[in-house]
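# Commentary on secondary and tertiary structure
Listed here are the chains, written in short residue letters.
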Amino acid sequence: MSSNSMTNYQKQAISSAATGLGFQSMSTMLLSFVLATMILDFGISGAAGGLISTVTNIGMLVGGIIFGPLADKYGRVKIFAITVAIFSLATGATAFATNIELVYLFRFLVGVGGGGEYGVVMSIIADAFPKEKRGRMNSVVTISGQIGVIIAAIAAALIVPSLGWQGLFIFGAIPIVFAIVIYFKLDESEAWKKAKKEASETKEKISIKELFIENRASTTIKLMIMAIVQVAGYFGLMNWLPSILQKKAGITVSGSSMWMIITIVGMSLGMFVFGFVMDKFGAKVAYSFYLFASAVSVIAYSFASGNFAILIGGAIVGFFCNGMNAGYGAIVGNLYPTRIRATANSIIFNIGRAVGGFSAVVIGFLMDNYTITHVMAFLAILYCISLLTVLTLKVPKTNIPTANSK
């Protein structure tokens, strides 16, 4: 879809959502580039250092639980600005942490802001665009998250040598300016205003319980399973595969960085294509194809040998396994009414983050005791579970309702 076919509000919505998610991804990823140095500076164990990421994931779940319902009740834009402000200020405050306990606190708050923002961003897109365009629009927004990772890497390379990890976290506070601009410049969508008015007239209350009422409970649980698998695969591939490849193929650290870049490019292309497939053929077809291809590609990748095959294989695995990430905001936006859309997005995907994040522990155990084939088999089994789940998911194939439909 060309930008000329979008209204001014739609242009504002997608640019704001993409920028916000990019900043959130950047703030979250800054830690990965300085974690080893922080462990040395604070004199803590590797386990204590790894707990920083766990605390961040827990914060994301808390943020989703708190801010999802608030965004549905009080408006996407206000909560959007507040969540960006929270993770920005908490990132900047990390620079002034004098002990590991303060680092845990600030990173927890980074998670609270980031987890709260996700549901709001995805709901802004779902409110602004009709069903038949949400897949593509969510692809654009999700790809911006990968751009945030690249910005974090560039910032780390430029800032850390002269200003240390403290300087990097101060840089991470920059999105606070964006939060202020959003608060005063972006208006609420007509879809949300209409849903708010109707909810006020009928005195309907926003509640997490609505996700589990009789006609929605099955859908909510199935989407949670899919989100858990999605996050588990992402953590497994991005956190552990560079180390696995260094051991398996003797690839250097710089070589594993090249693998990371090529894999991110593959992921971004996968997200872009997924959006078009989802809009053209429906969510069930798109997810079924990508999940089957993910299971096959991770198993095949365990037999890759030679640097070229490993690099290209990484791009293919990233294309399918993480390309699906672009669809969750769209599928939730399509299956839940406007008035509880932010709640659904926040709860479903952040539970995926909280539970799926533990895959790093499982894969670490498999690496210590088994082979890379067992690691990839574990991931393939997860994708097969998600495939069986999506096949039983009741998703309308047609895209008749518009973004303004309740």
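The structure presented is a predicted model; accordingly, all values stated were derived computationally and were not measured. (Residues numbered from 1 in each chain as written. Predicted model: local features only at pLDDT ≥ 70, side-chain atom pairs only at ≥ 80, totals over all residues. Heavy atoms only, no water.)

### Focus: the overall build of the protein
Helix and strand counts for the protein stand at 15 helices and 0 strands. Taking 22 Å as the expected radius of gyration for a compact globule of 406 residues, we find that the protein reaches 20 Å, a close match to that expectation. Projected onto its principal axes, the C-alpha coordinates of the protein cover approximately 65 × 45 × 40 Å. Buried positions account for 57% of the 406 residues belonging to the protein. Here the analysis covers contacts within the protein between residues at least 6 apart in sequence; of these, 84% occur between residues at least 24 apart. Total accessible area on the protein stands at roughly 16,800 Å², and carbon and sulfur atoms take up 70% of it. Averaging the coordinates of the 29 positive side-chain charges in the protein and doing the same for the 16 negative ones gives two points 5 Å apart. (Helix = DSSP H or I, 4+ residues; strand = E, 2+ residues; numbered from the N terminus. Rg over C-alpha atoms; globule rule 2.2 N^0.38 Å. Buried < 20%, exposed > 50% of the residue type's maximum accessible area, 1.4 Å probe, protein only. Contact = heavy atoms within 4.5 Å. Areas by Shrake-Rupley, 256 points an atom, 1.4 Å probe, with all protein chains shown as cover. Lys, Arg positive; Asp, Glu negative; His and termini not counted. Charge placed at Lys NZ, Arg CZ, Asp CG, Glu CD.)

### A closer look at the environment of Met 122
By secondary structure assignment, the location of Met 122 is in helix 4 (residues 100–128). Residues Met 122 and Gly 333, spaced 211 residues apart in sequence, show a C-alpha to C-alpha distance of 7.6 Å. Ignoring any residue separated from it by four or fewer positions in sequence, one finds Met 122 in contact with Leu 21, Asn 138, Val 141, Thr 142, Gly 329 and Asn 345.

### Some details on the environment of Ile 372
Along the chain, Ile 372 turns up in helix 15 (residues 372–391). For Ile 372, a relative accessible area of 17% translates into the label buried. Sequence-wise, Ile 372 and Ile 299 are 73 residues apart; in three dimensions their C-alpha atoms are separated by 9.7 Å.

### Describing the nonpolar core
One finds Leu 223, Tyr 287, Ile 331, Tyr 336 and Tyr 383 to be the most contacted residues of the largest nonpolar core, which totals 86 residues. Beyond its immediate sequence surroundings of up to four residues, Tyr 383 is in contact with Val 229, Gly 233, Leu 237, Leu 291, Ser 294, Ala 295, Val 298, Cys 321 and Met 324. Core analysis: the second largest hydrophobic core is formed by 23 residues, Met 26, Ala 48, Ile 100 and Leu 168 among them. (Core = buried A, V, L, I, M, F, W, Y, C linked by side-chain atoms within 4.5 Å.)

### What about the pattern of salt bridges?
Side-chain pairs of opposite charge can arise where the charged atoms are in close proximity. Evaluated as defined, the whole model comprises 8 salt bridges. For Arg 76, the salt bridge is made with Asp 127, and the minimal N-O distance between the two is 2.7 Å. Taken together, the residues span a long stretch of sequence, with Arg 76 in helix 3 (residues 76–94) and Asp 127 in helix 4 at a distance of 51 residues. Here Arg 339 and Glu 210 are joined by a salt bridge, their closest N and O atoms 2.7 Å apart. Placement of the pair is Arg 339 in the loop between helix 12 (328–335) and helix 13 (341–356) and Glu 210 in the loop between helix 7 (190–202) and helix 8 (217–249), with a sequence separation of 129 residues. (Salt bridge = Lys/Arg side-chain N within 4 Å of Asp/Glu carboxyl O.)

### Let's talk about a nonpolar patch on the surface
A surface patch of nonpolar side chains, about 420 Å² in accessible area, is lined by Phe 212, Ile 221, Ile 225, Ile 381 and Ile 385. Mapped onto the elements of the fold, Ile 225 is located in helix 8. Ile 225 gets classed as partly exposed once you look at its relative accessible area, which sits at 31%. (Patch = residues over 30% accessible without salt bridge, like charges linked within 9 Å, V, L, I, M, F, W, Y side chains within 5 Å.)

### Observations concerning helix 13
Under the 1.5 Å per step criterion, the end-to-end length of helix 13 is 22 Å for 16 residues, consistent within 8% with the ideal 22 Å. For helix 13, the tally of buried residues reaches 14 of 16 residues, placing the bulk of the element in the interior. (Expected span 1.5 Å × (residues − 1).)

### Thoughts on the packing of helix 5 (residues 131–171) against helix 12
Here helix 5 crosses helix 12 at 155°, and the two axes come no closer than 8 Å. With respect to helix 12, the element helix 5 is oriented roughly antiparallel. Considering only the axes of helix 5 and helix 12, their crossing is right-handed. Together, Lys 131, Arg 134, Gly 135 and Asn 138 of helix 5 and Gly 329, Ala 330, Gly 333 and Asn 334 of helix 12 make up the contact between the two elements. (Axes fitted to C-alpha atoms, helices over the stretch in contact; angles between N-to-C directions. Parallel < 35°, antiparallel > 145°, perpendicular 65-115°, else oblique. Left-handed = near helix turned anticlockwise from the far one by under 90°.)

### Describing the confidence of the model for the protein
Confidence along the protein averages 85 in pLDDT terms, with 91% of residues attaining 70 or more. When mean pLDDT is compared element by element in the protein, helix 3 scores highest at 94, while helix 14 (residues 359–369) scores lowest at 77. Under a pLDDT of 50 for its full length, residues 398–406 has, in the predicted model, 27 contacts with residues more than four places off or in other chains. (pLDDT = per-residue confidence, 0-100.)

### Considering the packing of helix 2 (residues 46–74) against helix 4
The N-to-C vectors of helix 2 and helix 4 enclose an angle of 40°; their axes lie 5 Å apart at closest approach. Taken together, the axes of helix 2 and helix 4 are oblique relative to one another. Crossing hand, helix 2 versus helix 4: right-handed.

### Topic: the packing of aromatic side chains
For any pair of aromatic rings, the description rests on two quantities: the centre-to-centre distance and the angle between the ring planes. Within this structure, the stated rule accounts for 16 aromatic pairs. Joined through ring pairs, the aromatic side chains of Tyr 118, Phe 274, Tyr 287, Phe 289, Tyr 290, Phe 319, Phe 320, Tyr 328 and Phe 349 make up one cluster. Over the face of the ring belonging to Tyr 118 we find Arg 353, whose NZ or CZ atom lies 5.3 Å from the ring centre. (Phe/Tyr/Trp six-rings, centres within 6.5 Å; stacked < 30°, edge-to-face > 60°. Lys NZ or Arg CZ within 6 Å of the ring centre and 35° of its normal.)

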